[in-house]
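# Topology and contacts: notes
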Amino acid sequence: VEVKIEVVIPEKERSKEEMSPNGKASPLIYKVNGTARHYHLEDHPIASNPYHHPKDVVEASVCHVRDLENGQMREVDLGCGKALLIKESGEFHAMGHKCPHYGAPLVKGVLSKGRVRCPWHGACFSISTGDIEDFPGLDSLPRFQVKIEKEKVYIRASKQALQTQRRTKMMAKCISLSNYNLSSTNVLIIGAGAAGLVCAETLRQEGFSDRIVMCTMDRHLPYDRPKLSKSMDSHPEQIALRPKEFFCTYDIEVLTEMQVAAVDIKNKVAVFKDGFKMEYNKLLIATGNTPKALSCKGKEVENVFNIRTPEDANRVVKLATSKNVVIVGASFLGMEVAAYLADRAHSVSLVELEEVPFKKFFGEKVGRAVMKMFENNRVKFYMQTEVSELREQEGKLKEVVLKSGKVLRADVCVVGVGAVPATGFLKQSGINIDSKGFIVVNKMMQTNIPGVFAAGDAVTFPLALRNNKKVNVPHWQMAHMHGRIAALNMLAHGMELSTVPYLWTAMFGKSIRYAGHGEGFDDVVIQGDLDELKFVAFYTKSDEVVAVASMNYDPIVSKVAEVLAAGRTIRKRDVDAVVFFLFFFFRTGDMSWLTGKG
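This one's a predicted model, so the numbers in the text were calculated from it and none came from an experiment.

## With respect to the overall build of the chain
From N to C terminus, the chain includes 13 helices and 39 strands. Looking at the chain as a whole, 55% of its 598 residues qualify as buried. Once local pairs closer than 6 in sequence are excluded, the contacts in the chain between residues at least 24 apart make up 63%. Carbon and sulfur atoms make up 47% of the accessible area of the chain, which totals about 26100 Å².

In structure tokens, the structure reads:
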């Protein structure tokens, strides 16, 4: 038996191409305010051979069919690139071997129920289509056709697909942008972060061809915001989520440096700070949050930063090099900045009100282990105290005075003491806002106002994992999924949010991965060695595991995420057995425990 692999277009997308004999999709209809509008998907020629030229094709023998058991994956080399070969339920599948997000090797990920989950950050891809099903990341994987001949496995693939290891899903374009009134749009997206961009892309992927306008207070097109604290010297173009040409190609308009001051829900109008007004049919609010500032004396001193933009991050790195840095707040941002600057600055001091970093999120034991790692890298902690004054010399920061009486030399100060939802402009709108300023939405990301959706850091939503408890999850992966769910429900798909929260933090070349929602946990069960920074921590509430974190224990967090996504409950008393099952059964392909059959 032989297995041959070649790049093919997923059936769902191929069928769209083949609706018309001229190679173009037949016009579909989307109703806007009761008016039928026609649109075409982006033109793609129909061809039995998906390759542009025979020289772009490579074919190689990679293994015997019996080399893979059900539930196993193998990374195979074709000479000019690699593919991921998968066997599940007796069938072979093949696709790109690297996660399009940050390039993680998917062969080290988790295969479960028709999809592969990335071992680093939890993105999920269908093995039958290559489509991205959970986030982070925007692109899907190229899928390769599998053929079996004479007990050997052959792969036939496009060299370009093997090299790029990513595929952008087919999208519609706007039918006639020039005919639109500049002050009117069908979909208005306030905010250009992950939620806003994924919403716009999903609309186009689903065939929506009316006008889409995104507006942002930022001067840049959407970018990878987590890198502001993890890779602080990155320039805007290096962390852009999509190039400028992408937005032009798919008619997604982005208004930069534009702030919405109010929303008139009765007349469906957004009023901008400069007085400009824009009518909309559907609205997505994805404004994120606003960092809290210090309230102490001297807070207006120069060289004190809240990192919100690439320019902020770049400026901090430049000012901090060989200088004294004080970071206020042992938050994710504060700790990541401290780690990044530790070998660049002359000194790094971190001020925190709590006794241990990350205590409320990771627990005291994990927090102390992380704190020790920082101290071993020359970061000095000043715990259980606050800043009372920022002193200046010739207008620039000179010293940070703590309430404990300690005075710290400081040339630059980074503030990471939390954030509040950026929803102040909605207070008189009639949109339901809770006591903390978060927009309240349901599982379909709908607000209390028909046609108005909200997503990302600024919302509270029912989390299926925690019995539909209303929660706020201000993390990158969740913002992506919010945007997708909002877009699908703008198109009346009736799709509910059911993802498992997944996040990561990177410090000194090490990553902590985390899945679930541990708010209110009452105990932590730790396996591994905290001193060696190789551990897995299970967070429990009563008898139930509600979250998991790990360091140097991949892909345990992705495995637990798959268990939770399958609706399985992990009991505190079963943690030892769970670790055994996850490592043994996931390796051998026996998924009966996960699916509830064993």
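Now, onward.
## A short note on the nonpolar core
Membership of the largest hydrophobic core comes to 99 residues, with the highest contact counts inside it found for Leu188, Leu203, Leu284, Ile285, Phe461 and Phe538. Considering each element in turn, this core owes the most residues, eight residues, to helix α10 (residues 476-490). Once residues within four sequence positions are removed from consideration, Ile285 is found in contact with Ile190, Phe425, Leu426, Ile431, Ile439, Val452, Phe453, Ala454 and Ala455. One finds Met232, Phe381, Leu530 and Phe535 within the second-largest nonpolar core, a separate group that totals 51 residues.

## A few points about the sheet that holds strand β22 (residues 304-305)
If you trace the five strands from one edge of the open sheet to the other, you get β22-β29-β23-β24-β25, paired in parallel fashion. Looking at strand neighbours, the two that pair on one side only are β22 and β25 (379-383), the edges of this open sheet. Bridging between β22 and strand β29 (residues 412-415) involves two bridges; their strand directions are parallel. Among the inter-strand pairings, Val304 is bridged to a residue of β29, identified as Cys413.

## Regarding the sheet that holds strand β34 (residues 469-471)
Pairing in this open sheet of three strands is mixed, and the strands run β31-β33-β34 from one edge to the other. Sheet topology places β31 (439-440) and β34 at the edges, where each strand pairs with a single neighbour. The pairing of strand β33 (residues 459-463) with β34 spans three bridges and is classified as antiparallel. Paired with Phe461 across the strands is Val471, a residue of β34.

## Quick notes on α10
Under the 1.5 Å per step criterion, the end-to-end length of α10 is 22 Å for 15 residues, consistent within 8% with the ideal 21 Å. With 15 of 15 residues buried, α10 is to be regarded as a mostly interior element.

## Here's the deal with the side chain of Ser229
Within the secondary structure layout, Ser229 lies in helix α4 (residues 227-230). On the accessibility criterion, Ser229 (7% relative accessible area) is buried. In contact with Ser229, other than residues within four places in its own chain, are Leu333, Glu336, Val337 and Tyr340.

## Observations regarding unusual backbone geometry
Looking along the chain, the bond that leaves Phe135 and enters Pro136 is cis, with omega of 20°. Here Pro136 shows up in the loop between β11 (132-134) and β12 (143-147). Residue Pro555 is reached from Asp554 by a cis peptide bond, and omega for that bond is 0°. Tracing the chain through its elements places Pro555 in the loop between β39 (544-551) and α11 (556-565).

## Quick word on the confidence of the model for the chain
When pLDDT is low, close inspection of the predicted coordinates is not appropriate. Model confidence for the chain is summarised by a mean pLDDT of 88, while 87% of its residues fall at 70 or above. Confidence over residues 588-593 falls short of pLDDT 50; this stretch has 14 contacts with residues more than four positions distant or in other chains.

## Some words on empty space enclosed by the protein
This model, assessed by the stated rule, comprises four cavities of 30 Å³ or more. Volume-wise, the largest cavity comes out at about 90 Å³. Every residue lining the largest cavity is listed: Ile132, Phe135, Gly137, Leu138, Lys169, Val198, Glu201, Thr202, Gln205 and Arg484. Ranked by the residues each element gives to the lining of the largest cavity, the list is headed by helix α3 (residues 194-205), at four residues. Here the lining of the largest cavity is composed, by residue class, of four nonpolar, three polar and three charged.

## Examining the pattern of salt bridges
Pairs can form between side chains of opposite charge whenever their charged atoms are close. In total, this model carries 25 salt bridges according to the counting rule given. Put simply, Arg225 and Asp218 hold a salt bridge, and the shortest N to O gap is 3.7 Å. Arg225 sits in the partly exposed class, given a relative accessible area of 29%. Judged by its relative accessible area of 12%, Asp218 is buried. Salt bridges sharing partners connect three or more residues here, namely Asp139, Arg166, Glu201 and Arg242.

## Section: the packing of aromatic side chains
A full pass over the atoms with the stated rule returns 15 aromatic pairs. Here Tyr514 and Tyr539 contribute two aromatic rings whose centre-to-centre distance is 6.1 Å and whose plane-to-plane angle is 50°, an arrangement assigned as tilted. Of this pair, Tyr514 sits in strand β36 (residues 510-516) while Tyr539 sits in strand β38 (residues 534-541), and the two are 25 residues apart along the sequence. Accessibility expressed as a relative area gives 3% for Tyr514, which makes it buried. What links up through ring pairs into an aromatic cluster is the set Phe332, Phe358, Phe361, Phe362, Tyr514, Phe521 and Tyr539. The ring of Tyr340 has Arg344 sitting right over it, with the charged end atom 3.9 Å from the ring centre. Above the face of the Tyr382 ring, Lys380 is positioned so that its terminal group lies 5.9 Å from the ring centre.

## Some remarks on the environment of Gln145
Assignment of secondary structure puts Gln145 in strand β12. Along the primary structure Gln145 and Met95 are separated by 50 residues, whereas in three dimensions their C-alpha atoms are 8.4 Å apart.

## Brief notes about the packing of α3 against α10
If you want to describe how two helices pack, look at the angle between their axes and the distance between the axes. Viewed as axis vectors pointing N to C, α3 and α10 meet at an angle of 40°, and their least axial separation amounts to 7 Å. Seen along the crossing, α3 lies across α10 with a hand that is right-handed. Judged by residue contacts, Ala194, Ala195, Val198, Cys199, Thr202, Leu203 and Gln205 of α3 engage Trp476, Ala479, His480, Gly483, Arg484, Ala487, Leu488 and Met490 from α10. Taken together, the residues of the contact of α3 with α10 sort by class into 10 nonpolar, four polar and one charged.

Here is what the cut-offs are and how they apply
Residues numbered from 1 in each chain as written. Predicted model: local features only at pLDDT ≥ 70, side-chain atom pairs only at ≥ 80, totals over all residues. Heavy atoms only, no water. Helix = DSSP H or I, 4+ residues; strand = E, 2+ residues; numbered from the N terminus. Buried < 20%, exposed > 50% of the residue type's maximum accessible area, 1.4 Å probe, protein only. Contact = heavy atoms within 4.5 Å. Areas by Shrake-Rupley, 256 points an atom, 1.4 Å probe, with all protein chains shown as cover. Core = buried A, V, L, I, M, F, W, Y, C linked by side-chain atoms within 4.5 Å. Pairing = 2+ DSSP bridges. Expected span 1.5 Å × (residues − 1). pLDDT = per-residue confidence, 0-100. 1 Å grid on protein atoms, 1.4 Å probe; cavity = no way out; pocket = protein on both sides within 12 Å on 5 of 7 lines; lining within 4 Å. Points joined across faces, edges and corners; volume = space filled by probe spheres on them. Nonpolar A, V, L, I, M, F, W, Y, C, P; charged D, E, K, R; others polar. Salt bridge = Lys/Arg side-chain N within 4 Å of Asp/Glu carboxyl O. Phe/Tyr/Trp six-rings, centres within 6.5 Å; stacked < 30°, edge-to-face > 60°. Lys NZ or Arg CZ within 6 Å of the ring centre and 35° of its normal. Axes fitted to C-alpha atoms, helices over the stretch in contact; angles between N-to-C directions. Left-handed = near helix turned anticlockwise from the far one by under 90°.

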